[in-house]
Amino acid sequence: MYRTHTCGELRPENIGKEVILAGWVQRVRDLGAMSFIDLRDRYGITQLVADENTSEEVKKTLEELGREFVIQVTGTVRERSSRNKNIPTGDIEIEISGLKILSPSAVPPFTIQDDTDGGDDLRMKYRYLDLRRNAVRKNLELRAQMAHAVRSFLTANDFIETETPVLIKSTPEGARDFVVPSRMNPGEFYALPQSPQIFKQLLMVAGFDKYFQIVKCFRDEDLRADRQPEFTQIDCEMSFVEQEDVLNTFEGLTKYAFKEVLNVEVDNFPRMPYTTAMEKYGSDKPDIRFEMLLNDLTEQAKGKGFVVFDSAEYIGGVCAKGCAGYSRKQTDELTNWVKRPQIGAKGLVYVKYNEDGSLKSSVDKFYSPEDLKAWAEKLQAEPGDLMLILSGEKQPTINALGELRLEMGNRLGLRKKGTFKPLWVIDFPLLEWDEETKRFFAMHHPFTSPKPEDISLLDSEPGKVRANAYDLVINGVEIGGGSVRIFDSELQAKMFDILGFTPEQAKAQFGFLMNAFKYGAPPHAGIAFGFDRLVSLFAGLDSIRDVIAFPKNNAGRDVMNDSPAPVSKEQLDELHLQLVKKIK
RNA sequence: GGUGGCGUAGUUCAGUUGGUUAGAAUGCCGGCCUGUCACGCCGGAGGUCGCGAGUUCGAGUCUCGUCGUCACCGCCA
């Protein structure tokens, strides 16, 4: 037996007890005639003590100890003469009678403590050491708790957890696939799934009725703080349901997770049409922790001789509460902020609605106080507020205003981490026009059903057709999305046609699904949550890397094992692969 | 594919207008220390200033390139 207790469990009631502990040396404090050692495992820290009663043999071993040595210690629990209120085991200590080094440690490159001195790069390279730190391990414990909560909720609701293949067929739609060469089938490739989409629909045809899986998905696209090449989804599909059934079920799941894991009660989730989200929040994933809604000023601001506005397709603004006192420096700062290439606005017009009711703007030359008053009314600005106005082409300007709204929300501290405001964004457009290829793409995926009342528009105005598609958004983060699927072969064929597939192409790509639908496909709908994002949201983190045990960097590299890496000539030969040009 | 930030001791950082021998803290090593818990005190070692060119009498500092890393835009049905 390596240990009788963990390093987090001994208390005064154990005093006098003979125990064996094992763990890592957090720190040795050598006071000369006596020494203290903090012994750490994932459960906590227990203080070991050696003094004049300690054997020479133990003392000798003590001298060899360094940080992160793995040791086993035998001893007696005793009361401390000076207690430490900061740790749960702070009332006791272990008087060492036996000490064994199980495994020595090189000096670690950074300190294993909550406020480590290690930078991100270094901690990634030595991820196994970083994971010893409380702060990092706690995120993964939270992740495990959440996975457990999800399983228990969905299992209790009759969902069947089913695994689907990881080696599947590449499809041209959507993100780039990771491809895997097949040794046994020269010149042919598997792809890793971007999601188990088609398989879960087949499970519905199979009559599974309610399916879920916590599953890895893979997308070969450029990364961000909240995007990894491999990530985890809570993937679900249900039969004989309508949109409302799916929304209610997964609203229930989300609330259950909040309650179980964080003990937080969240309000019912509002439903917001996509068009409202775009027009009022400038985003399809609105952060509704604060108001500051976008408002259209095109009508009010046009035709007064200000050439920038007069030539603009759209003029819109937001009202920053209590910011009328902003200095020239602050407004200049905001102007520069919106002019950054990432935001792309040409400039920023501001109107200060002073406490005394007067109005001061950067365009006073063109607008009378009455004009500005009308703006204030539209933006619901009151004395003391600052109105910020952008103009230009409609869509880019709305996007920029949405970004500006979030930035002001940040500056005003309106985006608090512990506050959770989920909502459903619904009625997404079915199709998206791509300028480059001059064709429509499915905004969600090709199996998403149009709203029945919009089906008549499919031929005349495909861009206006709304889908039975929905996203769960929490605090401006897209947590998940899904749709009601098409289960009618004829409608599905029409969709493929609109998406530019010939019947032959459609058959080659999705023939087995269409074939399956011939044998009695139930109406079905589904949803998938980004599990990593959900965990990082619960943890109050901005990067999903912190909730993944071994994440990749933003170039998709694992800096710990230095992958991806070249493979040998023999491996390539076996896979019937030849490199076109030598890299590096 | 693009924009920007960062790269100096094991680590986190400072380094003035381009100017003598590149500093601090922490960690590490040695010594002292009987109640520490961020122990304390004394001493010591530790540097390819990411790499390569260039400008200059002289480059950690300026220029260009390159590599690494982070954030963002494009991209991610």
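Residues numbered from 1 in each chain as written. Chains lettered and ligands numbered in written order. Predicted model: local features only at pLDDT ≥ 70, side-chain atom pairs only at ≥ 80, totals over all residues. Heavy atoms only, no water.

An unreviewed UniProt entry annotates chain A as Aspartate--tRNA ligase originating from Mariniphaga sediminis. Its UniProt record gives chain A the following Sequence similarities (unreviewed entry) comment, quoted word for word: "Belongs to the class-II aminoacyl-tRNA synthetase family. Type 1 subfamily." Entered under Catalytic activity (unreviewed entry) in the UniProt record, the comment concerning chain A runs "tRNA(Asp) + L-aspartate + ATP = L-aspartyl-tRNA(Asp) + AMP + diphosphate". (UniProt positions renumbered as here; feature names shortened; annotations may be inferred.)

Chemist: Would you mind going over the overall build of chain A in detail, with residue names and values included?
Modeler: Within chain A, the secondary structure is distributed over 17 helices and 22 strands. Taking the principal axes of its C-alpha atoms as reference, chain A extends roughly 90 × 75 × 55 Å. As displayed, chain A offers around 29,900 Å² of accessible surface, 51% of which is attributable to carbon and sulfur atoms. For chain A, the separation between the mean place of its 76 positive charges and that of its 89 negative charges on side chains is 3 Å. (Helix = DSSP H or I, 4+ residues; strand = E, 2+ residues; numbered from the N terminus. Areas by Shrake-Rupley, 256 points an atom, 1.4 Å probe, with all protein chains shown as cover. Lys, Arg positive; Asp, Glu negative; His and termini not counted. Charge placed at Lys NZ, Arg CZ, Asp CG, Glu CD.)

Chemist: Give a detailed account of the UniProt feature "domain: Aminoacyl-transfer RNA synthetases class-II family profile" (unreviewed entry) in chain A, specifying residues and quantitative values.
Modeler: Under the present numbering, the feature "domain: Aminoacyl-transfer RNA synthetases class-II family profile" (unreviewed entry) in UniProt falls on residues 140-551. Along residues 140-551 one finds 34% helix and 21% strand; the C-alpha atoms at either end are 12 Å apart.

Chemist: Explain the protein's contact with RNA strand B to me, and be specific about the residues and the numbers.
Modeler: Close contacts around RNA strand B come from 45 residues, with Arg27, Asp117, Ala442, Met443 and His444 the closest. Sugar plus phosphate: this is where 50% of the atoms of RNA strand B within 4 Å of the protein reside. The separation between a base nitrogen of RNA strand B and a polar side-chain atom of Arg80 is 2.9 Å. One nitrogen or oxygen atom from the side chain of Gln342 is found 3.4 Å from a base oxygen belonging to RNA strand B. Looking at the surface near RNA strand B, the elements with two or more residues in it are strand 1 (18-30) and helix 2 (120-125). Each residue belonging to the surface near RNA strand B can be placed in one class, and the counts come to 13 nonpolar, 14 polar and 18 charged. (Near = heavy atom within 4 Å. Polar contact = N/O pair within 3.5 Å; in protein donor to acceptor, adjacent residues only side chain to side chain. Nonpolar A, V, L, I, M, F, W, Y, C, P; charged D, E, K, R; others polar.)

Chemist: Please set out the pairing of strand 14 (residues 349-353) residue by residue, giving values where relevant.
Modeler: Along strand 14, five of the five residues are buried, which leaves the element largely enclosed by surrounding structure. Burial of the side chains of strand 14 extends over both faces: Val349, Val351 and Tyr353 are buried on one face and Tyr350 and Lys352 on the other. As paired strands, strand 14 and strand 15 (residues 359-361) are joined by three bridges and run antiparallel to one another. When the sheet's bridge partners are listed, Lys352 is paired in strand 15 with Lys360. Linking two consecutive strands that pair antiparallel, namely strand 14 and strand 15, is a turn of five residues; a positive phi of about 90° is found at Gly357 within it. (Buried < 20%, exposed > 50% of the residue type's maximum accessible area, 1.4 Å probe, protein only. Pairing = 2+ DSSP bridges.)

Chemist: Which residues make up the nonpolar core, and what values go with them?
Modeler: Soluble globular proteins tend to pack their nonpolar side chains together in the buried interior. Judged by nonpolar contacts, the single largest core of 42 residues is most densely connected at Leu154, Phe250 and Phe529. With sequence-adjacent residues up to four places away left out, Phe250 is seen in contact with Leu154, Phe159, Cys236, Met238, Trp424, Ile527 and Phe529. Ile198, Tyr281, Leu458 and Phe496 belong to the second-largest nonpolar core, a separate cluster that totals 34 residues. (Core = buried A, V, L, I, M, F, W, Y, C linked by side-chain atoms within 4.5 Å. Contact = heavy atoms within 4.5 Å.)

Chemist: Could you give an account of the packing of aromatic side chains, naming the residues involved and the relevant values?
Modeler: Scanning all chains against the criterion turns up 22 aromatic pairs. A centroid spacing of 6.0 Å and a plane angle of 70° characterise the contact between Phe250 and Phe529, whose relative ring orientation is edge-to-face. Taken together, the residues Phe250 in helix 6 (residues 243-262) and Phe529 in strand 22 (residues 524-530) connect sequence positions 279 residues apart. For the residue pair Phe250 and Phe529, the accessibility class agrees, reading buried in each case. (Phe/Tyr/Trp six-rings, centres within 6.5 Å; stacked < 30°, edge-to-face > 60°.)

Chemist: Could you give an account of the UniProt feature "binding site: L-aspartate" (unreviewed entry) in chain A, with specific residues and numbers?
Modeler: Here, UniProt's "binding site: L-aspartate" (unreviewed entry) annotation points to Glu173, Arg219, His444 and Arg485. When near neighbours in sequence (up to four residues on either side) are disregarded, Glu173 contacts Gln194, Arg439, Phe441, Ala442, Pro446 and Phe501. Residue placement: Arg485 occurs in the loop between strand 21 (477-484) and helix 14 (489-498). Looking at Arg485, its side chain comes within polar contact range of the side chain of Glu237, at 2.7 Å.

Chemist: Residues and numbers for the domain arrangement of chain A, please.
Modeler: By convention, interface size is frequently given as the accessible area that disappears when the constituent parts associate. Domain annotation for chain A reports domain 1 (12-103), domain 2 (137-272 + 421-556) and domain 3 (290-411). The centre of domain 2, based on its C-alpha atoms, is set 38 Å off from the matching centre of domain 3. (Domains from an automatic or database assignment.)

Chemist: I'd like to hear about the sheet that holds strand 13 (residues 314-320), residue by residue, with values.
Modeler: Within a sheet, each strand pairs with its neighbour through backbone hydrogen bonds, oriented either parallel or antiparallel. Spatial ordering of the open sheet is given by 12-13-16-14-15, a layout of five strands whose pairing is antiparallel. The two strands at the open ends of the sheet, each matched to only one other strand, are strand 12 (295-296) and strand 15. In this sheet, strand 13 lies alongside strand 12 in antiparallel orientation, the contact comprising two bridges. When the sheet's bridge partners are listed, Asp296 is paired in strand 13 with Gly316.

Chemist: Before we move on, can you summarise the confidence of the model for chain A with the specific residues and values?
Modeler: Mean pLDDT for chain A: 93, with 99% of residues reaching 70 or above. Scoring the predicted complex yields pTM 0.94 and, for the interface, ipTM 0.91. (pLDDT = per-residue confidence, 0-100.)

Chemist: Kindly report on helix 7 (residues 274-281), identifying the contributing residues and their values.
Modeler: Every buried residue of helix 7 is listed here: Tyr274, Ala277, Met278 and Tyr281. Down the axis of helix 7, the smallest arc covering the buried residues is 110°, so these residues share one side. Among the structural elements, strand 11 (271-273), helix 12 (394-411) and strand 17 (422-426) are those in contact with the buried residues of helix 7. (Arc of directions from axis to C-beta.)

Chemist: If you had to explain the sheet that holds strand 11 to someone new, which residues and values would you point to?
Modeler: The strand order 6-9-10-22-21-20-17-11 describes an open sheet built from eight strands, whose pairing is mixed. Looking at which strands have only one partner, the edges of the open sheet turn out to be strand 6 (160-161) and strand 11. When strand 20 (residues 469-474) meets strand 21, the two strands line up antiparallel, connected through six bridges. By the bridge assignment, Tyr470 is partnered in strand 21 with Gly482. Those strands touched by helix 5 (residues 197-205) are strand 9 (210-218), strand 10 (230-239) and strand 22, and its axis lies near 25° from that of strand 10. (Axes fitted to C-alpha atoms, helices over the stretch in contact; angles between N-to-C directions.)

Chemist: How would you sum up the pattern of salt bridges? Please name residues and give values.
Modeler: Scanning the model with the defined rule gives 47 salt bridges in all. Here Asp267 ties to Lys421 by a salt bridge, and the two come within 3.8 Å at their closest N and O atoms. Note that Asp267 is positioned in the loop between helix 6 and strand 11 and Lys421 in the loop between helix 12 and strand 17, a separation of 154 residues in sequence. Bridged by salt links that share partners, the residues Asp120, Arg123, Arg127, Asp130 and Arg133 form one connected network. (Salt bridge = Lys/Arg side-chain N within 4 Å of Asp/Glu carboxyl O.)

Chemist: Which residues make up the packing of helix 4 (residues 134-156) against helix 6, and what are the values?
Modeler: At a minimum axis separation of 10 Å, helix 4 and helix 6 run at an interaxial angle of 135°. On the basis of the axis angle, helix 4 is oblique to helix 6. For helix 4 against helix 6, the interelement crossing comes out right-handed. Two secondary-structure elements touch here, helix 4 through Leu142, Gln145, Met146, Ala149, Val150, Ser152, Phe153 and Leu154 and helix 6 through Thr249, Phe250, Gly252, Leu253, Tyr256, Glu260 and Val261. (Parallel < 35°, antiparallel > 145°, perpendicular 65-115°, else oblique. Left-handed = near helix turned anticlockwise from the far one by under 90°.)

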